[in-house]
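Breakdown of the fold
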Amino acid sequence: MNSPDALAGTRFNPETAEERAALEALMQNQFIAPLFDRKQYQRAVEDMIAATAPLVYAVVQDSLEGPDARIAAWGMDWLNHGVVVDLEDQTCFLTRNTDRLTAMYTVKGRCTARIVALSVDMMVNALSKGVEHLAPGWHSNVFDKLR
């Protein structure tokens, strides 16, 4: 097992006996009190979430016969892969390229497909119009946080 001094200079340099004890407890998988305040911790977690959040999008099929559209699938993409759920047959599959999705959901002579990213503004707009029926109880908590 590494001592706290062996880790000094890598990511965390414990200066006080309390910090060294906390690091030793952490290395032994013991619960320890945070070394910084809750607000700092919450900001760090939020930054981590924002930095690694997937792109959430709908695969929209636009009719060639007139102004009509439908959502054919929902997807989430990270840097090197994505997950897509088809709404018609409820299949789930992995993808590495959204360009392939538009080709896959385009039906020659009937419709074209496009990717539409879900934005925070879209969420706030939908929630403010009252989409609580989609997930009862979820609406008020999420909307309050987005205001």
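Residues numbered from 1 in each chain as written. Predicted model: local features only at pLDDT ≥ 70, side-chain atom pairs only at ≥ 80, totals over all residues. Heavy atoms only, no water.

Bridge count between strand β3 (residues 82–86) and strand β4 (residues 92–95): 4 bridges; the pairing is antiparallel. Looking at β4, one finds that Val 84 is bridged to Phe 93. The antiparallel hairpin formed by β3 and β4 contains 5 residues in its connecting segment, where Gln 90 sits at a positive phi of about 60°. (Pairing = 2+ DSSP bridges. Helix = DSSP H or I, 4+ residues; strand = E, 2+ residues; numbered from the N terminus.)

Overall, the coordinates contain 2 salt bridges when judged by the stated rule. One salt bridge connects Asp 62 with Arg 114, and the closest N-O pair in it is separated by 2.5 Å. Of this pair, Asp 62 sits in strand β1 (residues 55–63) while Arg 114 sits in strand β5 (residues 111–117), and the two are 52 residues apart along the sequence. In this structure, Arg 70 and Glu 88 form a salt bridge, with 3.3 Å as the shortest nitrogen-oxygen distance. With a gap of 18 residues between them, Arg 70 in strand β2 (residues 69–77) and Glu 88 in the loop between β3 and β4 connect regions that are remote in the sequence. (Salt bridge = Lys/Arg side-chain N within 4 Å of Asp/Glu carboxyl O.)

Let's shift gears to unusual backbone geometry. Even without a glycine there, the phi angle at Gln 90 is positive, about 60°. Its location among the elements puts Gln 90 in the loop between β3 and β4. Assessed through its relative accessible area of 66%, Gln 90 is described here as exposed. (Buried < 20%, exposed > 50% of the residue type's maximum accessible area, 1.4 Å probe, protein only.)

In terms of nonpolar packing, the biggest core is built from 8 residues, these being Tyr 57, Val 59, Ala 72, Ala 73, Val 84, Leu 101, Tyr 105 and Ala 113. Listing elements by their share of this core, those giving two or more residues are β1, β2 and α4 (98–105). Residues in contact with Ala 73, not counting those within four places in the same chain, are Tyr 57, Ala 58, Val 59, Val 84, Val 85, Asp 86, Leu 87 and Tyr 105. (Core = buried A, V, L, I, M, F, W, Y, C linked by side-chain atoms within 4.5 Å. Contact = heavy atoms within 4.5 Å.)

The subject of this paragraph is the pairing of β3. Burial along β3 is one-sided: the residues Gly 82, Val 84 and Asp 86 are buried and none of Val 83 and Val 85 is. As paired elements, β2 and β3 share 5 bridges and run antiparallel to each other. Residue Asp 77 lies in a different strand from β3, and its bridge partner there is Gly 82. Taking the residues that link successive antiparallel strands as the turn, the β2-β3 hairpin has 4 residues.

In this section: the sheet that holds β5. Pairing is antiparallel in the open sheet, where 5 strands are placed in the order β4-β3-β2-β1-β5. Of all the strands in the sheet, just β4 and β5 have a single pairing partner and so form its edges. Within the sheet, the average angular offset between the axes of one strand and its neighbour, ignoring direction, is 25°. Pairing between β1 and β2: 8 bridges, direction antiparallel. The residue of β2 that forms the bridge with Gln 61 is Arg 70. Running at roughly 145° to β5, α4 makes contact with β1, β2, β3, β4 and β5 of the sheet. (Axes fitted to C-alpha atoms, helices over the stretch in contact; angles between N-to-C directions.)

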